[in-house]
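Each chain is listed here by its residues.
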Amino acid sequence: MSLSLIAEALGVSKATVSWVLSGQGDAKRISPATQKRIKDYAAEHNYHPNMLARSLSLGVTKTVGLLISSLADPFYSSIAKSVVEEAERYGYTVMIATSESNFEREASLVASLDRRRVDGIIATPTEGARWTGSYMAGGGRLVLLDRPVPGEDAPLVGVDNEQSAYRLVSHLISKGCRRVAIL
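Owing to the predicted nature of the structure, the values given are computational and were not obtained by experimental measurement.

A word on the pairing of strand β3 (residues 120-123). The pairing of strand β1 (residues 63-68) with β3 spans four bridges and is parallel. Within β3, the residue paired with Val64 across the bridge is Gly120. As paired strands, β3 and strand β4 (residues 142-145) are joined by three bridges and run parallel to one another. By the bridge assignment, Ile122 is partnered in β4 with Val143. In this fold, the crossover linking β3 to β4 by way of helix α7 (residues 132-137) has right-handed handedness.

Below, the structure written as structure tokens:
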């Protein structure tokens, strides 16, 4: 089912159908009766928007790339689960890619996600990652996760391990511990 087929069946223009189904019916002064006819027909015939056409029209794909080291690692799989859940709350889809900690594979995956016009990438970059600057210079939106890329000014979501360890050891020492070990 397409906008054209709905328009033809109901004797209205394709633009009218598009406006109604995108929620602009009132703004375009389309009568409530016509809006109802279009919505009912679309529902009866199981119409779903063509997301590719919609993304071309709006300039957004509502898709985010998530580039992680490995799904087998419980740390990264839990991150992936959380990212997917949060993205869905905002109507986004997540494309997950795994670099297996290979910076050449990672660069290739970034290029692939970019060609698919994701709206941005969340990445746990590998050591030696060199793609971040050129990706952002080309207009790509990037958030680094867990580790920074030296020399890059990309937003980072992570933990300051040194400060956290310092605070932990300081706390233990303040409680009387004198021989602190980490396992």
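Attention now goes to the nonpolar core. Of all hydrophobic cores here, the largest spans 15 residues; its most connected members are Leu67, Val110, Ile121, Ala123, Trp131, Tyr135 and Leu142. Secondary-structure elements contributing two or more residues to this core are α6 (103-115), β3 and β4. In terms of residue count, the dominant contributor to this core is α6 (three residues). Not counting chain neighbours up to four residues away, the residues in contact with Tyr135 comprise Val110, Asp114, Val118, Gly120, Ile121, Gly140, Arg141 and Leu142. Counting residues in each nonpolar core, the second largest holds 10 residues, with Ala7, Leu10, Val20 and Tyr47 among its members.

Moving on, we come to the sheet that holds β4. Spatially, the five strands line up as an open sheet ordered β2-β1-β3-β4-β5, and their pairing is parallel. Across the chains shown, the open sheet's two edge strands, defined by having one partner strand only, are β2 (93-98) and β5 (156-157). Across the sheet, helix α5 (residues 74-89) lies against β1, β2, β3 and β4, angled at about 160° from β2, the strand it touches most.

Calculation rules
- Residues numbered from 1 in each chain as written.
- Predicted model: local features only at pLDDT ≥ 70, side-chain atom pairs only at ≥ 80, totals over all residues.
- Heavy atoms only, no water.
- Pairing = 2+ DSSP bridges.
- Helix = DSSP H or I, 4+ residues; strand = E, 2+ residues; numbered from the N terminus.
- Right-handed = clockwise from strand over helix to strand, strands pointing away.
- Core = buried A, V, L, I, M, F, W, Y, C linked by side-chain atoms within 4.5 Å.
- Buried < 20%, exposed > 50% of the residue type's maximum accessible area, 1.4 Å probe, protein only.
- Contact = heavy atoms within 4.5 Å.
- Axes fitted to C-alpha atoms, helices over the stretch in contact; angles between N-to-C directions.

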